[in-house]
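Now for the letters of each chain:
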Amino acid sequence: MLEIARRFRRDGLNPVEHVRHILKEAHDDKLNVFISIDDEGALASAEKAEQRIRNGDEGTLLGIPIAVKDNICTKGIRTTCASNILSNFVPPYDAHVVERLKQRGCVIIGKTNMDEFAMGSTTATSNIGPSRNPWNIDKTPGGSSGGSAAAVAAGLCAGALGSDTGGSIRQPASFCGVTGLKPTYGSVSRFGLVAFASSLDQIGPIARTAMDVAVLYDAIKGYDPKDSTSVNKDYKVTSLDELDLKGLKIGIPPMFFGEGLNHEVEKAVREGISIFKELGAEVVEVKLPHIKYGVAVYYIVATAEASSNLARYDGVRYGWREENSRDLVDMYASTRSRGFNDEVKRRIMLGTYALSAGYYDQYYEKASRVRTLIIEDFKEAFKACDIIAGPTTPTPPFGIYDMLDDPLSLYLLDIYTVPANLAGLPALSIPCGFTTSGLPIGMQLMAPAFGEDLLLGAGITFQAHTSFHEERP
Amino acid sequence: MKVDLREVEHVSRLARIYLTDTEKSKFSAELSSILEYMDLLSEVDTTDVTPTVHTLSIINALRHDARKPSIPHDDALQNAPSESNGMFSVPKVIE
């Protein structure tokens, strides 16, 4: 991204030509990455950007092609959440983050594929079918922001926005060999993000390098009164500098290297941690005793919130409606039955059950209490270390259709990513190696709330001394 | 926790989702196995632990009670599956 910005000014790379080239590639794409491509809008903003660059405007993001996940509202461009129920929805407004990127002169290329309503980790539940992993088209790019991560890896954009409720930015970033940040809860406005689980959802950037991720994060973060959970504080400009790792304490929870971890992933992540050590960091063991309950807590809290958030899809004000219905209630139910696919129905059912009379205390209330214990675990751990490191995912990318029949096994793979969402913490996934068959492996770094500079600084330093992020599919 | 067919039907009514018989048995089996896994939480002692509803310390985000423009009427209706006289239209509720 920074490289393209430089070439626009020094090498005579023309922003309009560049965007035209990207659009052509996007139309020819065999990875099923885009749900919509906005040729007209992209070319118009590229022309404006070209003008501004010619007039000496130094804005880094001017003319930079960006892809946006299809659950982030874009004025006048269809926003479907990869669902039949929103297949015809054209938002009358831009999400706050999209407005911010447009102000900086970014060129929005199109909207990327995802799991339906961001519920999944493969993009296989998308109503347009799964995206493919650019490193091996038989493998999943991960999800739910799989289209965004694959688009970055395949060079169909310079950076992308995703959303992360339980790992949906970090897991696909890891599977596609790119860098992805799930920011602190409340640091990026959720205005215009189609709600899945409101206490967990966060929008964040995906790009090749930690430095590019930092540039995008800087553009989208900050207080927004239109999101009542937006944190009103003094946001400093995100640093793009390397971090002096001398004396930095990296906490390693043994649980992150326990049962179920693929040995190639373990090896790559341990080697990644040794690189941090060689650069001066100190490694300490930290305990997160309640992390093993993370997946159970997550799938209760997330589905409960989802069942409530998705109650709005009833065929009345927007979206698809079943026309052949007996009465109003029949219209709601037939619209929802035909509008949602299996995984969304499963989660609405699970969440409705967890909130229903007689079960609320046993599930939702209990999960919310264990969530408190997980948050306290992190507070305790961060007394002994500055950042926590481990694998992003327990396995390398798996086959596109491998896991579909067994929802619980798929949920269990979220074990390393859900804790950051439950605790509202920032977490970064950076490439740290490859399997023998050439599939990318990612390492996750977590920090205390608003510790993005620490994470990105560590990532920038790591990438200054490694070349995993420079490999191309 | 076992979720039987009657409970699946009850929950699907609450969620306003119709399920076929095949879907009912499938969801009964899947929800049972997922909830059985969730029972893991019962081993945690949570006496005197406050439930987290939110990870932030924000209590209330209030704004000034001032008039501001909202999205234009036509824009708000632009996605309506059916409209009449500038309003959302739905099947008849009262005979």
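Use the structure listed above.
Values in this document were obtained by computation on a predicted structure and should not be read as measured data.

### Considerations on empty space enclosed by the protein
Residue and element names in this part refer to chain A.
- This model, assessed by the stated rule, comprises 2 cavities of 30 Å³ or more.
- When its volume is computed, the largest cavity comes out at roughly 100 Å³.
- A breakdown of the residues in the lining of the largest cavity according to their chemical character gives 4 nonpolar, 9 polar and 2 charged.
- Of the volumes computed, that of the second largest cavity is approximately 70 Å³.
- In terms of lining residues, the second largest cavity is bounded by Ser121, Gln171, Phe175, Thr392, Thr393, Pro394, Thr395, Phe398, Leu413, Asp414 and Thr417.
- Per-class residue counts for the lining of the second largest cavity are 4 nonpolar, 6 polar and 1 charged.

### Let's talk about the packing of aromatic side chains
Residues and elements named next belong to chain A.
- Applying the stated rule across the entire model yields 19 aromatic pairs over all chains.
- With a centroid separation of 5.9 Å and 70° between ring planes, the pair formed by Phe117 and Phe340 is classed as edge-to-face. Highlighted residues: Phe117 in the loop between strand E3 (107–112) and helix H5 (146–153) and Phe340 in the loop between helix H10 (328–339) and helix H11 (342–355), separated in sequence by 223 residues.
- Judged by relative accessible area, Phe340 falls into the buried class, the value being 1%.
- With a centroid separation of 6.3 Å and an interplanar angle of 65°, the aromatic rings of Tyr235 and Phe450 are classed as edge-to-face. Separated by 215 residues along the polypeptide, Tyr235 in the loop between helix H7 (210–220) and strand E7 (249–252) and Phe450 in the loop between strand E11 (440–446) and helix H15 (452–464) bring together distant segments of the chain.
- Residue class for Tyr235 comes out buried when judged on its relative accessible area of 17%.
- Taken together, the aromatic side chains of Phe89, Phe117, Tyr313, Tyr318 and Phe340 make up a single cluster linked through ring pairs.

### With respect to the sheet that holds E11 of chain A
Residue and element names in this part refer to chain A.
- Read from one edge of the open sheet, 11 strands run E1-E3-E2-E4-E6-E5-E10-E11-E9-E7-E8, paired in mixed fashion. Lying at the two open borders of the sheet, with one neighbouring strand each, are strand E1 (34–37) and strand E8 (282–285). The average angle at which neighbouring strand axes cross in this sheet is 30°, direction not considered.
- Set on the sheet, helix H8 (residues 263–278) makes contact with E7, E8, strand E9 (387–391), strand E10 (427–434) and E11; between it and E11 the angle comes to about 50°.

### Examining the pattern of salt bridges
- Tallying each qualifying case throughout the model produces 27 salt bridges over all chains.
- The salt bridge partner of Glu285 of chain A is Lys287 of chain A, with a shortest N-O separation of 4.0 Å.
- Taking relative accessible area as the criterion, Glu285 of chain A reaches 57% and is therefore assigned exposed.
- When salt bridges with common partners are traced through the structure, they connect Glu343, Arg346 and Arg347 of chain A together with Glu30 of chain B into a single cluster.

Each value, and the rule that gives it
Per chain, residues are indexed from 1 in the order of the written sequence. Chain letters and ligand numbers both follow the written order, the letters beginning at A and the numbers at 1. It should be noted that, the model being predicted, local features are given only for residues of pLDDT at least 70 and side-chain atom pairs only at 80 or more, the latter also being counted only at that level, while totals for whole chains, interfaces and linings use all residues. Hydrogens and water molecules were not included; the side-chain quantities draw on all heavy atoms of the structure. Buried and open spaces are told apart on a 1 Å grid over the protein atoms alone, a cavity being a set of points where a 1.4 Å probe fits but cannot get out and a pocket being an open set with protein on both sides within 12 Å along at least five of seven lines. Residues with an atom within 4 Å of a point are the lining residues. Grid points are joined across faces, edges and corners, and a volume is the space filled by probe spheres set on the points. Residue classes follow a fixed rule: Ala, Val, Leu, Ile, Met, Phe, Trp, Tyr, Cys and Pro count as nonpolar, while Asp, Glu, Lys and Arg count as charged, and any other residue, Gly among them, counts as polar. Two rings from Phe, Tyr or Trp (for Trp, the six-membered ring) form a pair when their centres sit within 6.5 Å of each other. Planes less than 30 degrees apart are called stacked, planes more than 60 degrees apart edge-to-face, and all others tilted. Helix numbers and strand numbers start at the N terminus; a helix is a DSSP run of H or I with at least 4 residues, a strand a run of E with at least 2. In this scheme, a residue with accessible area under 20% of its type's maximum is buried, one over 50% is exposed, and one in between is partly exposed, where area comes from a 1.4 Å probe on protein chains only. Pairing between two strands requires that DSSP report at least two bridges joining them. For helices, the axis comes from a line fit to the C-alpha atoms of the stretch in contact; other axes are also lines fit to C-alpha atoms, and the angle between any two N-to-C directions lies between 0 and 180 degrees. For this analysis, residues touch if any pair of their heavy atoms sits within 4.5 Å. For salt bridges, the criterion is a side-chain nitrogen of Lys or Arg within 4 Å of an Asp or Glu carboxyl oxygen.

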